[in-house]
Amino acid sequence: MAKYAPSSLKSLTLLGFALVSLPLILALAMALVRIDKLSNQGTLAIQQVSSLVYSTRQVGQLLSNMERSASQYLVLNDPAIWRGYLELRNELLLLTGDLDNEPELQAGVRELLRQEAELHAALSEQLVNFDIELLQQKYDSLNELGNDLYRLSRQAIDTKVSALEQSADQLRTTVLQSALVIPASLVIALLFVRLLMRPINQLKPQISRLQEGNFEQKVSVEGVQEIQEMAQILEAMRVQLLELEEQKSHFIRHISHELKTPLAAIREGAELLYDGTAGTLNPSQQEVSGIIRSSVSRLQQLIEDLLNFNMVLDNSSSLKPQSCYLSHSLERVLADRALEIQGKGLLLSLPREDYRIPMHPEHLRVILDNLLSNAVKFSPVEGKITVCSELRDQTLKLDIADEGPGIPHDQHDLVFEPFFQGAVKADAKIKGSGLGLTITRELVRKYNGQILLKDSRRGCHFEISLPLSGVEKIIHV
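Cut-off values and rules
Residues numbered from 1 in each chain as written. Predicted model: local features only at pLDDT ≥ 70, side-chain atom pairs only at ≥ 80, totals over all residues. Heavy atoms only, no water. Helix = DSSP H or I, 4+ residues; strand = E, 2+ residues; numbered from the N terminus. Buried < 20%, exposed > 50% of the residue type's maximum accessible area, 1.4 Å probe, protein only. Contact = heavy atoms within 4.5 Å. Areas by Shrake-Rupley, 256 points an atom, 1.4 Å probe, with all protein chains shown as cover. Expected span 1.5 Å × (residues − 1). Arc of directions from axis to C-beta. Phe/Tyr/Trp six-rings, centres within 6.5 Å; stacked < 30°, edge-to-face > 60°.

*Asks:* Tell me about the overall build of the protein, residues and numbers included.
*Replies:* Secondary structure assignment for the protein yields 12 helices and eight strands. Sorting the 477 residues of the protein into buried and exposed places 40% on the buried side. When contacts within the protein are restricted to residue pairs at least 6 apart in sequence, long-range pairs at least 24 apart make up 73% of them. Accessible surface computed for the protein: about 25,900 Å², of which carbon and sulfur atoms make up 54%.

Next comes the structure, spelled out in structure tokens:
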């Protein structure tokens, strides 16, 4: 299709005036008014989307920084740290003040501000005497409210996109109705529709990609000047969000690896104390060393989940051409869980078929590890875990089922949300982070796949569908 400049649009309008009668002129005038309104509405929607995405992400970051500063102040009693905490709090108040203007977010913003004000008042009153464990609990609640704001912002964005689509549909209706006034107007109306709707239809999926957190693809449209200006605003937002995502991914990788080195030393020391290598402990000391040992193990698990979640967010190399074998990935995962499996006397039923799968090996390992680790934790003693595989029409299906207590039907969708902890607790020494199934779902989606928690009479039954071209069935000799 040819490119049209604003002058082309003006020439087309003049031609329409020359060809049609007064009713058509009125109809076209109404259409032009709607075009201008739609252009302004689209520009405002893009700006609001940019502000919402940026602000709701920043709320979570500020809460994390405030928790870290407050915790450091309670430990070190350093006035400089307290001043830094107050500066972060002022940033949070300014940011949430803007979010309070969004009707969908008002209730969540006000509840967050109320809880934060109560915590700040108590913290200011008690200062270093404030219980650090209570501080962490309060900030856990605030972080959950911050996550709710992000989810609500996505709903607000959907509302704005729907409004833009509705306006575009109304514009299409108006233009098509004008074509019925005089037969000669049909050609002009169709040309207007194609001229205006094509760039708008190009913008809608690009807004959806930004909403889903995909910032890799450049935003570009062809059309009249107003639509191009909207695309330029959207592109500027994409570049800014991409830079923020890269900075966040780099920070998470750096801090996680920095934490691993001292954590390994602490864990080794805790193990030496616990097993008595450094000397016999009395019962109280043995109990304390056991708490340190389990806490260090949980911290290590959280760091691993953090790295896995960061891998999900990192789009730089996730889909480069690679391949792996289903049997090898299963062997790696089961080897890591061998002691737990033997300790419970679990029976494993594994697929007879093997497949060469065009996936990143670490992605498949993490998917299987998250599902199988849950199956092992929740399975009863001498229970059975079943893993099945099937290739049908270039779609690889994986089923993992256990005989544990299962998940209530009303929580089937919630289990894939970040940090969700179900009512049924696993009989495990180390508490999970609530990110495992979220990471699994996002990794499956990277390959345009789907994961479902199916209804089952007993236990959990997860089904994964991966539409991958190039899957090869392997026959081992």
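*Asks:* Tell me about helix α4 (residues 106–126), residues and numbers included.
*Replies:* With 21 residues, α4 extends 30 Å between its outermost C-alpha atoms, agreeing within 8% with the 30 Å of an ideal straight helix rising 1.5 Å per residue. Taken together, the buried positions of α4 are Gly-108, Val-109, Leu-112, Glu-116, Leu-119, His-120 and Leu-123. Looking straight down α4, one finds that the buried residues subtend no more than 105° of arc, so they occupy a single side. Among the exposed residues of α4, those oriented more than 90 degrees off its buried face are Ala-107 and Glu-125. Leu-127 lies just past α4 and shows a positive phi near 50°.

*Asks:* Tell me what's going on with the packing of aromatic side chains, and back it up with residues and numbers.
*Replies:* The full count for this structure, using the stated rule, is three aromatic pairs. With a centroid separation of 5.1 Å and 45° between ring planes, the pair formed by Tyr-73 and Trp-82 is classed as tilted. One exposure class covers both Tyr-73 and Trp-82, and it is buried. Taken together, Tyr-73, Trp-82 and Tyr-85 form an aromatic cluster joined through their ring pairs.

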